[in-house]
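Each chain is listed here by its residues.
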Amino acid sequence: RQTDLPSDATLEQVLWEMTERSPYAILYECLRRLRSGLPADELVADASVLAQIDENGLLGAGLRLIPDEDMVDGVSFSDAKSQRRFRASVRGGRIVGIEQVSD
């Protein structure tokens, strides 16, 4: 296996390199990076997605998001506490939109 990672790569970088890029994995990694103050530009289509993440309160401390369904073109998930449901649309390995959905 060939890697472009530097020898001092973090465990998170190594794990991400080995992860299959499912819509759920892309969403998880995007939110993990943003919560850690790291850039996630390669995982979102444009700045409007970052605004949607913020507007929907998906970066809150202690927020527990539960995946409901991992689909070919996205992932549906919910907030464990408030029970709000969301859908993230993914194309070409990038999140193109996140919206709250109703029951």
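You'll find the structure just up there.
On a predicted model such as this, the values are computed, not experimentally measured, just so you know.

### Description of the sheet that holds strand 2 (residues 74-79)
Overall, antiparallel pairing links the four strands, which are arranged 1-2-3-4 in an open sheet. With one partner strand each, in any of the chains shown, strand 1 (65-71) and strand 4 (94-101) form the two edges of the open sheet. Mean inter-strand twist for the sheet, computed between neighbouring axes without regard to direction, equals 20°. Where strand 2 meets strand 3 (residues 85-91), five bridges bridge the pair, whose relative direction is antiparallel. Directly across from Ser78, in strand 3, lies its bridge partner Arg85.

### Looking at the nonpolar core
Residues Leu27, Leu58, Phe77, Ile95 and Ile98 are the most contacted members of the largest nonpolar core, which totals 20 residues. Residue assignment for this core shows that the elements contributing at least two residues are helix 2 (23-35), helix 3 (47-55), strand 2, strand 3 and strand 4. By residue number, the principal contributor to this core is helix 2, which donates five residues. Once residues within four sequence positions are removed from consideration, Phe77 is found in contact with Leu27, Leu58, Leu65, Ile66, Pro67, Asp68, Arg84, Arg85, Phe86, Arg87, Ala88 and Ile98.

### As for the pattern of salt bridges
Considering all chains together, one arrives at four salt bridges under this definition. Across the pair Arg32 and Glu29 runs a salt bridge, and its minimum N-O distance is 2.9 Å. Separated by three residues within a single helix, Arg32 and Glu29 lie in helix 2, roughly one turn from each other. Taking relative accessible area as the criterion, Glu29 reaches 5% and is therefore assigned buried. In this structure, Arg33 engages Glu42 in a salt bridge whose closest nitrogen and oxygen atoms are separated by 3.6 Å. A relative accessible area of 11% means that Arg33 is categorised as buried. Here Glu42 falls in the partly exposed class, since its relative accessible area comes to 47%.

### Things to note about the pairing of strand 1
Here strand 1 pairs with strand 2 via six bridges, running antiparallel. When the bridges of strand 2 are listed, Pro67 appears paired with Phe77. The turn linking strand 1 back onto strand 2 is made up of two residues.

### Some points on the environment of Lys81
Secondary-structure assignment places Lys81 in the loop between strand 2 and strand 3. With a relative accessible area of 80%, Lys81 lands in the exposed category. Taking the C-alpha atoms as reference points, Lys81 and Leu65, separated by 16 residues in sequence, lie 8.7 Å from one another.

Cut-offs applied
Residues numbered from 1 in each chain as written. Predicted model: local features only at pLDDT ≥ 70, side-chain atom pairs only at ≥ 80, totals over all residues. Heavy atoms only, no water. Pairing = 2+ DSSP bridges. Helix = DSSP H or I, 4+ residues; strand = E, 2+ residues; numbered from the N terminus. Axes fitted to C-alpha atoms, helices over the stretch in contact; angles between N-to-C directions. Core = buried A, V, L, I, M, F, W, Y, C linked by side-chain atoms within 4.5 Å. Buried < 20%, exposed > 50% of the residue type's maximum accessible area, 1.4 Å probe, protein only. Contact = heavy atoms within 4.5 Å. Salt bridge = Lys/Arg side-chain N within 4 Å of Asp/Glu carboxyl O.

Remember that the coordinates give geometry; whether it matters functionally is a separate question.
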